[in-house]
Amino acid sequence: QTQLLGVLLAAASNLLISVSLNIQKCAHLRLACQIELKPYYMSKLWWCGITLLGLGEVGNFAAYGFAPIAVVAPLGCISVIVEVFLCVVAMMQALHLFRVLNRGTLTVTGTYLLVTFTPNVPQELTARQVQNYLVSWPFLVYSILEILIFCILLYFYKRKAVKHIVVLLVMVALLASMTVIAVKAVSSMITLSVKGKMQLTYSIFYIMVALMASSCAFQVKFLNQAIHLYEATAVVPINFVFFTTSAIISGVIFYREFQSAAFLSVFMFLFGCLLSFLGVFIIARNKKEEHLQIPFIDCGHIPGHKLTGKIQPDSHSSCYGTLNKEDDSVKSQS
């Protein structure tokens, strides 16, 4: 029953996060269309989106206190499905809606298998249990390997200027594994403290808070770098796969979530993960294809006209919708 509460919290939180991102996007678009430009923080709609985002993140944080990492992390695919669904509903195209529902079948099926065959382990983690897990030899070996891999990738990133999408997102995933370990520990200790079993007096609680804050900050830094250099349709599915995989591995090693699970449960859980990964990749790929199908006029193929300059400027540039300076000068001379 406690685990079910965690699953419901994670699902509702990812739903809120997806809705909040779309509300913020809508607020930015409305501000861009106004004659008098105002800062985004003056928009009530933007603050509504930020509030929903905060509630979603708090719910996700609380979910780790009630359910295993192995089930909370993969439920992030819900935000991908909801985001695409909301975009299609905004377009009011029934054909696109039918396609999205078809493409989301894999992800929904995978999510159902994840929730059904997730390991049923006790979620009340005391500070002493976290301390014991922290000094266990499997976690020490795992953390040493993670640090070595991260340092190698960081060397190539800093010294060799290698900024490939895989390099960036692997570093994000390595940091994310430490983040989810710390988040679950902090969330569980806070939950126990609220129930009357005080855990906030132990130093391990504040160590985990520091680990959570630092790993999350560097994680955001590398993720923003990836989003800046590459398209979101490539970053979102790859990051989802890497993050989920690292979170599940860290949960298995640190919290021993599959220690007493049957072979069939483990197999079906991994099969559910695979279906979710495939579903997210298909949704992201088709989202990119639909975006590229936006019609435009290619002035370079108009008979009798020679393309000498940038006829159709980028829609994100400041000169979009205005005449070129050369055209203005010709008009003034005439």
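Residues numbered from 1 in each chain as written. Predicted model: local features only at pLDDT ≥ 70, side-chain atom pairs only at ≥ 80, totals over all residues. Heavy atoms only, no water.

Draft legend 1. The nonpolar core, seen in detail. Residues Tyr64, Val72, Val130, Met208, Phe254 and Tyr255 are the most contacted members of the largest nonpolar core, which totals 33 residues. The dominant element in this core, judged by the number of residues it contributes, is helix H9 (residues 165-194), at 8 residues. Both of domain 1 (1-121 + 264-293) and domain 2 (122-256) provide at least three residues apiece to this core. Leaving out residues up to four positions away in the same chain, Tyr255 has contacts with Ile69, Leu125, Tyr133, Ile181, Lys184, Ala185 and Ser250. (Core = buried A, V, L, I, M, F, W, Y, C linked by side-chain atoms within 4.5 Å. Buried < 20%, exposed > 50% of the residue type's maximum accessible area, 1.4 Å probe, protein only. Helix = DSSP H or I, 4+ residues; strand = E, 2+ residues; numbered from the N terminus. Domains from an automatic or database assignment. Contact = heavy atoms within 4.5 Å.)

Draft legend 2. Structural detail: the environment of Val280. Relative to the elements of secondary structure, Val280 occurs in helix H12 (residues 263-292). Sequence-wise, Val280 and Thr107 are 173 residues apart; in three dimensions their C-alpha atoms are separated by 6.6 Å. Leave out the neighbours within four places in its chain, and Val280 touches Cys77, Val80, Thr107, Pro237 and Phe240.

Draft legend 3. Region of the structure containing the packing of aromatic side chains. Summed over all chains, the structure comprises 12 aromatic pairs. An aromatic cluster of three or more residues is present, and its members are Tyr133, Phe139, Phe254 and Tyr255. In this structure, Lys184 packs its charged tip against the face of Tyr255, placed 5.9 Å from the ring centre. Across from the ring centre of Phe222, 5.8 Å away, lies the NZ or CZ of Lys221, which sits over that ring. (Phe/Tyr/Trp six-rings, centres within 6.5 Å; stacked < 30°, edge-to-face > 60°. Lys NZ or Arg CZ within 6 Å of the ring centre and 35° of its normal.)

Draft legend 4. Main features of helix H6 (residues 105-116). Here H6 spans 16 Å end to end across 12 residues, near enough to the 16 Å set by a 1.5 Å rise per residue. Among all positions in H6, only Thr107, Gly110, Thr111, Leu113 and Leu114 are buried. Projection of H6 onto a plane perpendicular to its axis shows the buried side chains occupying an angular sector of 160°, all on one side. Among the exposed residues of H6, those oriented more than 90 degrees off its buried face are Val108 and Tyr112. (Expected span 1.5 Å × (residues − 1). Arc of directions from axis to C-beta.)

Draft legend 5. Local environment of the environment of Val235. Examined against the element boundaries, Val235 turns out to sit in helix H11 (residues 232-254). A sequence separation of 49 residues divides Val235 from Ala284, and the C-alpha atoms of the two residues are 9.4 Å apart. Look past the residues within four positions of Val235 in its chain and what remains in contact with it is Ile165, Leu169, Leu223, Ala226, Ile227 and Tyr230.

Draft legend 6. Seen up close, unusual backbone geometry. Non-glycine residue Ala161 carries a positive phi angle of around 55°. Among the residues examined, Ala161 registers a relative accessible area of 55% and is labelled exposed. Look at Arg256: it is not a glycine, yet its phi comes out positive at around 55°.

Draft legend 7. Main features of the side chain of Thr244. Positionally, Thr244 belongs in helix H11. With residues up to four places along the chain from it excluded, the contact list for Thr244 reads Ala73, Pro74 and Phe277.

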